[in-house]
Amino acid sequence: MSKIPVISAKNLVKNYGNFRAVDDISFEVMPGSICGFLGPNGSGKSTTLRMMTDLIRPDSGEILWFGESLKSHRSSIMNRIGCIIEKPDFYTYLSALENLQLLGRASGCRKTKADYDELLQLVGLKGREKDAVKAYSHGMKQRLGLAQALLHQPEVVILDEPNTGLDPQGIIDLREVILQLNREKGITFLFSSHILNEVQEICTDLIVIHKGKMVVQGPTTELLSQQKLRVSIELPEKPDTAPSWLGNPFFTERHAVLDGRYLDLQMSKEEIPLLLENLQKVGQSFYRIDYRNQLEKYFLEITNQ
Amino acid sequence: MSSFGAILKNELYKTIRRPRSYIGIGVISFICVMLQSAFYQDGKEILSFVTQQFESTFQIQGEVLNGNLICFIVLQTLIVQMPLLVALVTGDLVSGEIAQGTIRFLLTRPASRTQIIIAKWIAGLFYTLILLLVLGFFALFVSKWIFGDGDLMALNSEGLTVIRADDIQWRWGLAFVIAFLSLGVVAGLANLLSAIMDNSITPIVSVMAIIIVFTIIGMFDLPSFDLVKPFLFTTHMISWKSLFEDPVPMQDILFSCGVLVVHIIVFLLASIWIFNKKDMKA
């Protein structure tokens, strides 16, 4: 696989009047990755994504796609990328299929009915393709947005908050589609979202910006390995009172919190065997032990919120 | 299909499928039919009242109330409404997509912004042509079918001119060409304002405001206004009427056509420049 970054942003700056929305941001996205693009509201995420897709021109800096300048190779680059910026808006007086056909023509791709059927099946809209888009819910428009982004078989897809408006099943379906396309077709994703659990679940890399400036970039596991894990133990039944074994220094020092049948602790990954040993020592049975990196905590820390 | 061809096909398809496009066609058809019905009912009575004042000077023979006269009246009536109907669609071509958000999909495709704005401009001209064809069909062909052919008694600034029926077809043809150029200027201006603004209503209202202001300037014979009048497109939009004078002031008409064409080109170039510079923040 090529080691040239699919996206390379160099020293991007964008001002709106006196307000500097993006201040000297540089980052790279490697091929085959699923890169989470995070930042609080007003951090410059949307402006950056719009500059990546040529909707907004940077005041200074350079954007390279596949090693080529967006400024001089715009047309060929747009053939290789798909995106949903902000929210997916369609021609409401046309059907979903007509919208896709229209955008397919604009992308210069020749599609058969079978191609459209396959795409609609992938995003879960098969059978609703002849409905006018004005009758679609926001979640359905998000699905159709993903279909239009994938229409011309892009190598990179930019998704700006694609989970917004999706129901829980929709979020799971979207996650599956992204992972499947990344695994089977090697599509690179640049993914912005406020649902940090979802980002942590699927993103191999993270970029975090704040107040228009770059905060951190790197592989998700590497960035989060510096953080304590949140370990959750599921007990067979809710204890009437706090069990005596919680008085064990191991639990107290890690600020154990008992919430119904669940006991939550913060610790490093290396301490998990010690936890199991302690539970065995006090004779406490359990159904399950789960652990999770705390992207949310990490995000709030690095963005000083 | 080239990327421009595909974009143009899309723009024409959207123009045909948009419900708003049919408002203009409906209004024109309705006004034509309404005027034709009114003249069918009461036309002879009204005309005899008008022609009475000339009967002491010369004798009128034949059918004054004919298809050519109805077409002339319809054209004079609709010259005020047509720009609004054109702006209703063309003023929304870019700004409507910005307001709706669909512009983001369009601009993240391989076609350049220049190709997109030109395709939209052509779609605007296509719509203008359709409106004029509908107007021509109802105002001329249907009127002739209902009221028959005959010499045209045209009352204009020069007085009363009688145009013989066998000398009128070329005048109608040229009148519709000038009307197309005039409305092409309106479509171009609406397209320009549409590229500047981010909502659909303001460009439409702005086009009408500009036309109203320019028309008012054109109405007054004041020295300060006389300086700018030759450069206002509204001054030349009514030059089609000169085709129904005798002799036809062909030099003046050609000059007006030239001014209209220059306006069309300037508006198009300005649209391309602005659209290429514009940040799509919406």
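This one's a predicted model, so the numbers in the text were calculated from it and none came from an experiment.

Okay, the overall build of chain A next. Across its full length, chain A holds eleven helices and 14 strands. Taking all contacts inside chain A whose residues are at least 6 apart in sequence as the whole, residues at least 24 apart take part in 73%.

Counting its regular elements, chain B contains eleven helices and two strands. Taken from N to C terminus, the helices and strands of chain B fall in the order α-α-α-α-α-α-β-β-α-α-α-α-α. A globule of 282 residues ought to have a C-alpha radius of gyration of about 19 Å, and chain B, at 21 Å, matches this closely. Dimensions of chain B, computed from C-alpha atoms along their principal axes, come out at roughly 70 × 45 × 30 Å. Looking at chain B as a whole, 43% of its 282 residues qualify as buried. Counted over contacts in chain B with a minimum sequence separation of 6, partners at least 24 positions apart contribute 80%.

The next point concerns the interface of chain A and chain B. Taken together, the contacts link 25 residues of chain A with 25 residues of chain B. When residues of the side of chain A that touches chain B are traced back to their parent elements, those giving at least two are α2 (74-78) and α3 (96-106) of chain A. For the side of chain A that touches chain B, the element with the most residues is α3 of chain A, which contributes four residues. In terms of residue class, the side of chain A that touches chain B is made up of twelve nonpolar, six polar and seven charged.

Residue and element names in this part refer to chain A. Within the open sheet, the four strands sit side by side as β2-β1-β4-β5. Their pairing is antiparallel. Strand pairing shows two members of the sheet lacking a second neighbour, β2 (19-29) and β5 (68-69), which therefore form its edges. Here eight bridges tie strand β1 (residues 7-16) to β2, and the two strands are oriented antiparallel to one another. Counterpart to V13 in the pairing with β2 is D23. Relative to the sheet, helix α1 (residues 45-52) contacts β1, β2 and β4 (60-65), its axis offset from that of β1 by approximately 120°.

On to the sheet that holds strand β6 (residues 81-84) of chain A, then. All names here are of chain A. One open sheet accounts for six strands, arranged β6-β7-β8-β3-β9-β10; its pairing is mixed. Each having just a single partner strand, β6 and β10 (213-219) make up the two edges of the open sheet. Neighbouring strand axes in the sheet, compared pairwise and without regard to direction, differ in orientation by 15° on average. One ladder, built from four bridges, connects strand β3 (residues 34-38) with strand β9 (residues 205-210); its direction is parallel. Residue pairing in the sheet places C35 in a bridge with D205 of β9. The strands touched by helix α5 (residues 138-150) are β6 and β7 (156-160); relative to β6, the strand with the most contacts, the crossing angle is about 165°.

With that settled, the discussion passes to the domain arrangement of chain A. Residues and elements named next belong to chain A. Annotation of chain A at the domain level lists domain 1 (7-224) and domain 2 (226-302). Summarising the inter-unit geometry, the C-alpha centres of domain 1 and domain 2 are found 37 Å apart. Domain 1 puts eight residues into the contact, and the matching count from domain 2 is seven residues. Breaking the side of domain 1 that touches domain 2 down by element, the ones donating at least two residues are α7 (196-202) and β10. For the side of domain 1 that touches domain 2, the element with the most residues is α7, which contributes three residues. In terms of residue class, the side of domain 1 that touches domain 2 is made up of seven nonpolar, one polar and no charged.

The next point concerns helix α11 (residues 250-277) of chain B. Across its 28 residues, α11 of chain B extends 41 Å between first and last C-alpha, which sits within 8% of the 40 Å expected from 1.5 Å per residue. Buried residues along α11 of chain B sit against α6 (113-147), α7 (169-196) and α10 (233-237) of chain B.

What follows covers the environment of V208 of chain A. Residues and elements named next belong to chain A. Mapped onto the elements, V208 comes out in strand β9. Considering only alpha carbons, one finds V208 and T188, 20 residues apart in sequence, at a separation of 18 Å. What V208 contacts, discounting residues up to four positions off in sequence, is L38, G39, V215, V216, F299, I302 and T303.

Quick notes on the rules
Residues take numbers from 1 onward in each chain, read along the sequence in its written order. All chains are assigned letters beginning at A, and all ligands numbers beginning at 1, according to the order in which they are written. Only residues with pLDDT of at least 70 get local features here, since the model is predicted, and only at 80 or more are side-chain atom pairs given and counted; chain-wide, interface and lining totals rely on the full set of residues. Elements are defined by DSSP. Helices are runs of H or I of four residues or more, strands are runs of E of two residues or more, and each kind is numbered from the N terminus. By the convention adopted here, residues are in contact when the distance between their C-beta atoms, placed from the backbone, does not exceed 7 Å. Using C-alpha atoms as the atom set, the radius of gyration is obtained and then compared with a globule rule of 2.2 Å times the number of residues to the power 0.38. Any residue whose C-beta has 12 or fewer other C-beta atoms within 10 Å is treated as exposed, any with 20 or more as buried, and any in between as partly exposed, C-beta atoms being built from the backbone. Residues were grouped as follows: Ala, Val, Leu, Ile, Met, Phe, Trp, Tyr, Cys and Pro as nonpolar; Asp, Glu, Lys and Arg as charged; and all remaining residues, including Gly, as polar. Pairing between two strands requires that DSSP report at least two bridges joining them. Here, axes are lines fitted to C-alpha atoms. For helices the fit covers the stretch in contact, and angles between N-to-C directions go from 0 to 180 degrees. Where each domain starts and ends follows an automatic or database-derived domain assignment. Expected span of a helix: the number of residues minus one, times 1.5 Å.

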